[in-house]
Amino acid sequence: MRKKIKIDKSGVIVFMGSMNAMPMMYAWELRRRGYDVLYFVDAPPTDALSRPENHYAGLGYPYPNWVVELKMPTQMMLPYFSRLHAKRVMKNIRSRTKKAISCFFLNGFFVSLAPWLKTEGKVVALSHGSDLDVWANRGNAKNLSNSFKNRSIFNFLPSAFAGRLIEKAVKQQYAGFSSSDAVIYFPHGFNISGDEVVGQLRAEGKSVWERYDVSFEPLAGVSREIKEPESKIILFSGVRFLYKTFPDGNREYSKGNDIMIQGIAEYWKRNKRIEVHFVEKGEDVLHAKQLCRDLGINEIVVWHKEMPFNKLIDLYLKSDICFDQVGAHWMGAIGAYALFLGRPLIANVNKAMELGVFPYKNPILSAENASDVFDALVKLENDSFRRNLSQDSKIFVEREMGCSKLIDSLFSLT
């Protein structure tokens, strides 16, 4: 039986690693409950998605004392000098607080520091996905080294040496998860590779907790009024383009952008009064632009450069219908935000329903092929149907995807 981690308000909870600023939702909630938090941000200002000030309007920059900017060229070096980096981390922490450390939340390659930090406090390995199912997957280390050795820092090294370094990183990353007091990952069945790694950890007696949640704090104060139809239907997808190129070797990360584009193109033949908004991010942007040209819809597609979060919210509010992934991956914050704001959502949630994560009766229009996308858009032509779906979406997502559920199940808070 999994044991809850006991933490009290006399100590400090330390967060390290900030992929997409996801860990901040737990830090924010714990602070709201009165716990002392120290949150390190290693992402550079150019990585807007991983900087918490771009998501949390109440945070601001320069940061308050409890948020610390940690200048680091890349997390990729952490697994190779994990003991040294752990010492530096502790020196940094001790320069800011003398309190006992109740718990570390480690994300990304900071997980590799767990073997050296666990003597200082409890360790929770908080996965965002690929830090576990790709970079801690020892059974796929060879394939990963072959697909990734020409990227990142490895591109500057001899091929064979780069391959060995990647395999070493995988070994140390797994050791980090294995050394942690608790591991947080997505529900069983979402990702085959992740299930394999989690199975190995559970076989070692490790406590693994499932998460499928988001924070709605970044949307505080944003209008949730249902948008009334206008002369032109605005479609929006903020999903990164990943459906053809898989540098990490994990095809289960496909976002199905090609399926979405094909479905939209088919619908455009029926209804010319649509405008489509995409964000230029992901490995397959150029492939997607070519596909739009091939299908004849390039003139109705507006491409946006990556932007601060408040600008992204403007696109949500402008839109009538939103998309999350319709591929093999799972719905994430992009879709959850759309639901919270009362925008009808088209996304592939078949797996979530089959696994019992979501009930079959839900307001998401699930799609896994171009025909499903087309059919969903046809259904949404009915204003009454769309209005009711919008209202149901707001209720559903708050009930099913709030982040407090995991905190309550993982911790014994005193």
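Visitor: Explain the side chain of Glu 29 here, please?
Guide: Along the polypeptide, Glu 29 turns up in helix α1 (residues 24-32). Take Glu 29: its relative accessible area is 10%, and that puts it in the buried class. Side chain to side chain, Glu 29 and Arg 32 meet in a polar contact 2.6 Å long. Leave out the neighbours within four places in its chain, and Glu 29 touches Cys 403, Ser 404 and Ile 407.

Visitor: Before we go on, may I ask you to explain the environment of Val 302 in this structure?
Guide: Along the polypeptide, Val 302 turns up in strand β11 (residues 301-304). Sequence-wise, Val 302 and Pro 229 are 73 residues apart; in three dimensions their C-alpha atoms are separated by 20 Å. Sequence-distant contacts of Val 302, that is, excluding residues within four places in its chain, are made with Glu 275, Val 276, His 277 and Phe 278.

Visitor: Got a minute to help me understand the packing of aromatic side chains in this structure?
Guide: We describe a pair of aromatic rings using the distance from one ring centre to the other and the angle between the two ring planes. Taken as a whole and assessed by the stated rule, the structure comprises 21 aromatic pairs. Between Tyr 26 and Phe 105, the aromatic rings sit 6.3 Å apart at their centres with planes inclined by 15°, giving stacked as the arrangement. Taken together, the positions of Tyr 26 in helix α1 and Phe 105 in strand β5 (residues 101-106) put the pair 79 residues apart, joining distant regions of the chain. Each member of the pair Tyr 26 and Phe 105 is classed as buried. Relative to Phe 278, the ring of Phe 241 has its centre 5.3 Å away and its plane inclined at 80°; by these criteria the two rings are edge-to-face. Taken as a pair, Phe 241 in the loop between β9 (233-237) and α8 (257-270) and Phe 278 in strand β10 (residues 274-279) lie far apart in primary sequence, 37 residues in all. Accessibility assignment for this pair places Phe 241 and Phe 278 in one class, buried. Connected via pairs of aromatic rings, a cluster forms that spans Tyr 185, Phe 186, Phe 190, Tyr 212, Trp 330, Phe 358 and Phe 396. For the cation-ring pair, Lys 272 lies above Trp 268, with the distance from its terminal atom to the ring centre recorded as 3.4 Å.

About the thresholds
- Position numbers for residues count from 1 along each chain, tracking the sequence in the order it is written.
- Per-residue local features are limited, in this predicted model, to residues with pLDDT of at least 70; the limit for side-chain atom pairs, both in listing and counting, is 80 or more; totals at the level of whole chains, interfaces and linings are taken over all residues.
- Hydrogens and waters are ignored; side-chain quantities use all the structure's heavy atoms.
- To qualify as a helix, a DSSP run of H or I must reach at least 4 residues; to qualify as a strand, a run of E must reach at least 2; elements of each kind are numbered from the N terminus.
- Between buried and exposed lies partly exposed: a residue is buried under 20% and exposed over 50% of the maximum accessible area for its type, with that area taken using a 1.4 Å probe on protein chains only.
- Distance and chemistry together define a polar contact, namely a pair of N or O atoms within 3.5 Å, with one atom able to donate a hydrogen and the other to accept it when in protein, and with adjacent residues in sequence counting only for side-chain atoms on both sides.
- For this analysis, residues touch if any pair of their heavy atoms sits within 4.5 Å.
- What counts as a ring pair is set by centres within 6.5 Å for rings of Phe, Tyr and Trp (its six-membered ring), and what kind of pair is set by the plane angle: stacked under 30 degrees, edge-to-face over 60, tilted for all other angles.
- Two thresholds decide whether a charge sits over a ring: the Lys NZ or Arg CZ must be within 6 Å of the ring centre and within 35 degrees of the ring normal.

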